[in-house]
Amino acid sequence: MAVNEKPENAPEHCPGPSTEQAGKASACQGCPNQNICATAPKGPDPALPLIKERMSSVKHKILILSGKGGVGKSTFTSQLGFAFSNDENIQVGVMDIDVCGPSIPKIMGLDGEQIHQSLSGWSPVYVQDNLGVMSIGFMLSNPDDAVIWRGPKKNGLIKQFLKDVDWGDLDYMLIDTPPGTSDEHLSITQCLKESGIDGAIIITTPQEVAIQDVRREIDFCRKVKLPILGIVENMSGFVCPNCKGESIIFAPTTGGGKKLAEDEKVPFLGSIPLDPRIDKLTKSPQDKYFLPSSPESLHNFLGLQTSIKH
Amino acid sequence: MADTLATHLAGIKHIIIVLSGKGGVGKSSITTQLALCLVQGGNKVGILDIDLTGPSIPHMLGLDGKQVHQASSGWVPVFADENQNLCCMSIGFLLQSKNDSVVWRGPKKNAMIKQFLTDVCWGELDYLIIDTPPGTSDEHISIAEYLKDINPDGAVIVTTPQSVALADVRKELNFCKKVKLPILGVIENMSGYVCPHCEECTNLFSTGGGEAMAQEFGVEFLGRVPIDPSLTIMIEKSNDDNATLENELIKMYTESNLYKVFNKITDKIVAKVTT
Ligand SMILES: Nc1ncnc2c1ncn2[C@@H]1O[C@H](COP(=O)(O)OP(=O)(O)OP(=O)(O)O)[C@@H](O)[C@H]1O
Ligand SMILES: Nc1ncnc2c1ncn2[C@@H]1O[C@H](COP(=O)(O)OP(=O)(O)OP(=O)(O)O)[C@@H](O)[C@H]1O
Ligand code: SF4
Ligand SMILES: [Mg+2]
Ligand SMILES: [Mg+2]
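Note that the coordinates shown come from a computational prediction; the quantities given were computed from them, not determined experimentally. (Residues numbered from 1 in each chain as written. Chains lettered and ligands numbered in written order. Predicted model: local features only at pLDDT ≥ 70, side-chain atom pairs only at ≥ 80, totals over all residues. Heavy atoms only, no water.)

**Student:** Account for the UniProt feature "binding site: [4Fe-4S] cluster" (unreviewed entry) in chain B, naming residues and giving values.
**Tutor:** Within this numbering scheme, the UniProt entry marks B:C195 and B:C198 as carrying the feature "binding site: [4Fe-4S] cluster" (unreviewed entry). Within the secondary structure layout, B:C195 lies in the loop between β10 (193-194) and β11 (201-202). Judged by its relative accessible area of 0%, B:C195 falls in the buried class. Sequence-distant contacts of B:C195, defined by excluding residues within four places in its chain, comprise A:C240, A:C243 and B:E200. Secondary-structure assignment places B:C198 in the loop between β10 and β11. (UniProt positions renumbered as here; feature names shortened; annotations may be inferred. Helix = DSSP H or I, 4+ residues; strand = E, 2+ residues; numbered from the N terminus. Buried < 20%, exposed > 50% of the residue type's maximum accessible area, 1.4 Å probe, protein only. Contact = heavy atoms within 4.5 Å.)

And the structure:
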């Protein structure tokens, strides 16, 4: 399983801290972790079968990833959720596993909502009948509270989201992630391994500082054998609302998302321009369906939808 | 560890941590600009990049592909300028390839941060600026804990004006309060964009939210930094394989408009930590 099984300070023949042998093998003699490994609970995680059971009613699971922060993962996740759920026969779930910086409630116009506990588990917050949302943002008594959690606690919550939430039958589950390649990313891929993830949509912006982090994210996907559905380039240029003149704000000095997709041999799904109206939809919930007015941008979202479907 | 760490870092006069709850708001860019302005003002500056899974500092300083050297006394940081007034340490300098992902859970990240603090020989520095990843998790808890006993000067909080960013940054302010890290002030980055064709200023990411938030929390508002595409361009030029001294980042930066804006912010920060 994990890429990361063997701690850095462990000797070469470390059997892996979650194995039966952990802390007891001959290699463990003198390892600084011996005590912890010998006493930690072993064997398969009891949560996994429960997760598998729950996830059996979810047809497609899609991760939205990016090594870089602020490139538009959460915005894209919510747009995709709205786009899918435009068809009332499609059931969609959005799960936000950004535990320290949850943006989904605000972006989807659900500020101040709370989750409810029922017999069958936590029920998600519904934007409409066929679009349910789960986020730690719905569990804070004060929205400004900092969630000062280290890895294990974040992982615990992610497991709960997967096994204790009553998602019902879903066609699509879209999972929004924090930037990076750490606890959350490892946990979600490990927990969903048996149930199967369709793949990841990778979001980038055009400039090299972002592309660099995204290359690392792609490296991560390969290490954990997570298929890549494609790359979306967000914030690709800007059309002035006044003079309609175009300008480049984040210059694609190394070729941007398109070149990255070519280099990495993964599909390029399209680019989305910078649009100042995007922030507005978080303020007026009736504008939640931000379907871009230009036919090209609209095509981006819908084109995506069809290419994922088959 | 406290005692030894205090002795080890004794040559550093001021420690500033750059934080934001939100990703991509410009923490690494602000760290870089603050460092450049301080160096230009005659200081010796070090940058410590504790964003372990998304290190940006090597690229921002035009140092992609550089390696740290191991000396008998520890790791020698990488210098970014001719005159050796700006040095930095990042996990980026420890990777085989810049495309390698660092897939680490918390404990390993914490151990690395500790090692950065205890094993890098910074020597005498006027300022050490610490760039962080977004959030309020392992890296943040660890750096605050490790530095607790040596009283860092405080945190500079970066936000952009959008409501989505502000919501996360409010959490970061509360984090600072919880861990008793003083807040030096708030910077609103990417505040307004002037169209190069018609001079119309578009608030691409709306505007003003950072100042209002600073007021509400009773912390200083340090200023606004506009969106300026030349920043990305300068960074790329300084990374160019054929980069010459002409293209040294600090030179290009001090000739840019951003420098004028940011220098004022730097002055405020300097005034805060030196009085
Ligand atoms: N195409 C766009 N045009 C204009 N603004 C955009 C665009 N895409 C995203 N934004 C804005 O950029 C900010 C960052 O977007 P978002 O929060 O979706 O990014 P993220 O990748 O989820 O960030 P984080 O790494 O913090 O989770 C938001 O304020 C959002 O409104
Ligand atoms: N004022 C500005 N004008 C134009 N571009 C900017 C400005 N500030 C930052 N940028 C660009 O925005 C992108 C994000 O900035 P940066 O990498 O500094 O953010 P960050 O907060 O460190 O992100 P992360 O959360 O991923 O660490 C970079 O490409 C940077 O060059
Ligand atoms: S004690 Fe054994 S299992 Fe645990 S880290 Fe060390 S070598 Fe690996
Ligand atoms: Mg997000
Ligand atoms: Mg950064």
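Having seen the structure, we can now continue with the description.
**Student:** Describe the sheet that holds strand β12 (residues 221-225) of chain B, naming the residues involved and giving the relevant values.
**Tutor:** Residue and element names in this part refer to chain B. Read across the sheet, eight strands follow the order β5-β6-β2-β7-β1-β8-β9-β12 without closing on themselves; strand pairing throughout is mixed. The sheet is open, and its two borders are formed by β5 (78-79) and β12, each paired with just one other strand. Sheet topology places strand β9 (residues 183-189) next to β12; four bridges connect them, and they run parallel. Opposite E188, over in β12, you have R224 as the bridge partner. Contacts between helix α2 (residues 27-40) and the sheet are confined to β1 (12-19), β2 (45-49), β6 (86-90), β7 (125-131), β8 (154-159), β9 and β12, with β7 contributing the most and set at about 170 degrees to the helix. On the sheet, helix α6 (residues 163-178) packs against β1, β8 and β9 and is oriented at approximately 170 degrees with respect to β8. (Pairing = 2+ DSSP bridges. Axes fitted to C-alpha atoms, helices over the stretch in contact; angles between N-to-C directions.)

**Student:** Lay out the UniProt feature "binding site: ATP" (unreviewed entry) in chain B in plain terms, naming residues and giving numbers.
**Tutor:** UniProt annotation of "binding site: ATP" (unreviewed entry) refers to B:G21, B:K22, B:G23, B:G24, B:V25, B:G26, B:K27 and B:S28 when read in the numbering used here. Mapped onto the elements, B:G23 comes out in the loop between β1 and α2. Every residue in contact with B:G23, bar those within four places of it in the chain, is listed here: A:G69, A:G70 and B:P134. Relative to the helices and strands, B:G24 is located in the loop between β1 and α2. Residues in contact with B:G24, not counting those within four places in the same chain, are A:G69, A:G70 and B:M190.

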